[in-house]
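What the coordinates show
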Amino acid sequence: MSQDQAPVKLLMYCDESGMLHSHSRKRFFCIGGYFCCDEDNSPINAQFKRAMKRLKQKRHMMKSDELKTHVMRSDEKIRLIRSLQCNPGFYGFAVILDKWALKKRIEQENIFFNFLMKQIAENIILEFTRQNCRERDVMIDLYLDNRNVSVGRLKSLEDYLNTEFMFEDISFRTTYCDSNRICSIQAADLIANTCYMYHYLPHIVEEVTSMMQNDQFHMISYPWLQRIYFSAKENRDTHAAV
């Protein structure tokens, strides 16, 4: 990297949907959210906040109340996703884990969660930085919902990612947030839940996913690492749960 070039700063907001632990019979688990360059986050956040404010007003909700994705109607989800993808600097992402493909039980959820985050970084984020941030260092500020975070995960994810990518020009800093206070985490919840439902009960979110732009949403399945396209129904995972 040239010494006179400042690092590129990316902001990355994540949430999870489904159950990772082996005791759950749910087939799928999803980590999803969005990332953007630092300078693009303010307009993305502003658009999403305005759309969310209108939805809360129509529902006669308090401004401080959190509107969870699982209680939203399809038209509400569509309004919110349009508010995100109208920004050219917005990039949604998700990794969908098919737990039925695993040959061993998940014994330590923290470690496996970190491993899935590595897949996102390696197969989605690195692809972006190599195309858009050539010969420049990249600092990724990673924000995650703190609802289900155990003490063991608080620091391990940051250390794990920085170790895994020691030979790349990217570094990670992790922060755990209260989704009720951080609107961007609520946007991540919307994306993670929608991507999860796309595999679990696809007809429930078909109206929503059909309008999501493939060039702005990057979703991969694991362990196959196949890119999944929302609007291409022939590419839908043929192993979707029934």
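Let me begin by describing the structure that accompanies this report. (Residues numbered from 1 in each chain as written. Predicted model: local features only at pLDDT ≥ 70, side-chain atom pairs only at ≥ 80, totals over all residues. Heavy atoms only, no water.)

**Some remarks on the sheet that holds strand 3 (residues 91-98)**
Put simply, the rule reads: For two strands to pair, DSSP has to find at least two bridges joining them. Labels follow the DSSP assignment, with helices taken as runs of H or I lasting at least four residues and strands as runs of E lasting at least two, numbered in each case from the N terminus. A contact between two residues is defined here by any heavy atoms of the two lying within 4.5 Å. Helix axes are fitted only over the stretch in contact, all axes being lines through C-alpha atoms; the angle between N-to-C directions runs from 0 to 180 degrees.
A sheet is described by the order of its strands in space; here 7 strands give the open sequence 5-4-1-2-3-6-7, paired in mixed fashion. The open sheet terminates on both sides in strands that have one partner only, identified here as strand 5 (170-177) and strand 7 (227-228). Pairing of strand 1 (residues 8-18) with strand 4 (residues 138-145), which is carried by 7 bridges, proceeds in the parallel orientation. Bridging across to strand 4, Tyr13 finds its partner in Tyr143. Its contacts with the sheet put helix 1 (residues 38-58) on strand 1 and strand 2 (28-37), and the angle it makes with strand 2 is roughly 110°. Helix-sheet contacts for helix 3 (residues 109-132) involve strand 1, strand 2, strand 3, strand 4, strand 5 and strand 6 (217-222), and the interaxial angle to strand 2 is about 40°.

**A look at a positive patch on the surface**
Selection criterion: Patch membership requires over 30% relative accessible area and the absence of a salt bridge. Like charges are linked within 9 Å, and nonpolar side chains (Val, Leu, Ile, Met, Phe, Trp, Tyr) within 5 Å. Computed with a 1.4 Å probe, the accessible areas rest on the Shrake-Rupley method; for each residue, only the protein chains presented here act as cover. By convention in these notes, a salt bridge is any Lys or Arg side-chain nitrogen within 4 Å of a carboxyl oxygen on Asp or Glu. All tallies of charge rest on Lys and Arg as positive and Asp and Glu as negative; His and the ends of each chain are not included. We put the charge of a Lys on NZ, of an Arg on CZ, of an Asp on CG and of a Glu on CD.
Together, Lys49, Arg50, Lys53, Arg54, Lys58, Lys63, Arg79 and Arg82 make up a positively charged patch on the protein surface. Counting residues per element, the ones that place at least two in the positive patch are helix 1 and helix 2 (74-85). Among the elements that take part in the positive patch, helix 1 stands out by supplying 5 residues, more than any other. Relative to the helices and strands, Lys53 is located in helix 1.

**Describing the layout of surface pockets**
Let me state the cut-off plainly: As defined here, a cavity is a set of points on a 1 Å grid over the protein atoms alone where a 1.4 Å probe fits but cannot get out. A pocket is an open set with protein on both sides within 12 Å along at least five of seven lines, and residues line them when an atom is within 4 Å of a point. Grid points are joined across faces, edges and corners, and a volume is the space filled by probe spheres set on the points. Think of it as three bins: nonpolar holds Ala, Val, Leu, Ile, Met, Phe, Trp, Tyr, Cys and Pro, charged holds Asp, Glu, Lys and Arg, and polar takes everything else, Gly as well.
Here the second largest pocket defines a volume of roughly 270 Å³. Together, 13 residues line the second largest pocket, and Lys49, Met52, Lys56, Lys63 and Cys183 are the ones closest to its centre. Within the residue set of the lining of the second largest pocket, elements represented by two or more residues are helix 1 and helix 5 (183-200). Considering every element that reaches the lining of the second largest pocket, the biggest residue donor is helix 1, with 5 residues. Counted by class, the lining of the second largest pocket contains 3 nonpolar, 3 polar and 7 charged residues.

**Some words on helix 3**
In an α-helix, one turn spans 3.6 residues; hence positions three or four apart end up facing the same way. Quick reminder of the rule: Expected helix span is taken as 1.5 Å per residue step, with the number of steps being one fewer than the number of residues. Consider a residue and the seven residues that end there alongside the seven that start there; fitting an axis to each set, the bend is the angle between those axes.
A rise of 1.5 Å per residue sets the reference length of helix 3, with its 24 residues, at 34 Å; its end C-alpha atoms lie 33 Å apart and thus fit the reference within 8%. Along helix 3, the helix axis deviates most sharply at Ile125, where the bend reaches about 40°.

**Notes on the packing of helix 1 against helix 2**
What counts is decided by this rule: The scheme is simple: roughly parallel for angles under 35 degrees, roughly antiparallel for over 145, roughly perpendicular for 65 to 115, oblique for anything else. If you view the pair so one helix is near and one far, a crossing is left-handed when the near helix is turned anticlockwise from the far one by less than a right angle, and right-handed when it is turned clockwise.
Packing of helix 1 against helix 2 brings their axes to within 8 Å, and their N-to-C directions diverge by 160°. It follows from the interaxial angle that helix 1 and helix 2 lie roughly antiparallel. Crossing handedness for the pair helix 1 and helix 2: right-handed. Only Glu76, Arg79, Leu80, Ser83 and Leu84 of helix 2 make contact with helix 1, whose side of the interface consists of Ile44, Gln47, Phe48, Ala51, Met52, Leu55 and Lys58. Its residues placed into classes, the contact of helix 1 with helix 2 shows 7 nonpolar, 2 polar and 3 charged.

**Examining the packing of helix 1 against helix 5**
Put simply, helix 1 and helix 5 touch, their axes get as near as 10 Å, and they point 75° apart. Here helix 5 runs roughly perpendicular to helix 1, going by the angle between their axes. The residues of helix 5 that touch helix 1, namely those facing Asn41, Asn45, Phe48, Lys49 and Met52, are Cys183, Ser184, Gln186, Ala187 and Leu190. Of the residues contributing to the contact of helix 1 with helix 5, the split by class is 5 nonpolar, 4 polar and 1 charged.

**Some points on the packing of aromatic side chains**
One pair of aromatic rings is described through two measures. These are the centre distance and the angle between the planes. Keep this limit in mind: Side-chain rings of Phe, Tyr and Trp, where Trp is taken by its six-membered ring, are said to pair if the distance between their centres is within 6.5 Å; with planes under 30 degrees apart they count as stacked, over 60 as edge-to-face, and otherwise as tilted. Each residue is assigned to one of three classes by its accessible area relative to the maximum for its type, calculated with a 1.4 Å probe on protein chains only: buried under 20%, partly exposed between the two thresholds, exposed over 50%.
Taken as a whole and judged by the stated rule, the model has 14 aromatic pairs. Between Phe35 and Phe93 the ring centres are 6.3 Å apart and the planes differ by 40°, which places this aromatic pair in the tilted class. Taken together, the residues span a long stretch of sequence, with Phe35 in strand 2 and Phe93 in strand 3 at a distance of 58 residues. A residue is classified by how much of its surface remains accessible, and Phe35, at 2% relative accessible area, is buried. Within the aromatic cluster, the residues linked to one another by ring pairs are Tyr13, Tyr34, Phe90, Tyr143, Tyr198, Phe217 and Phe230.

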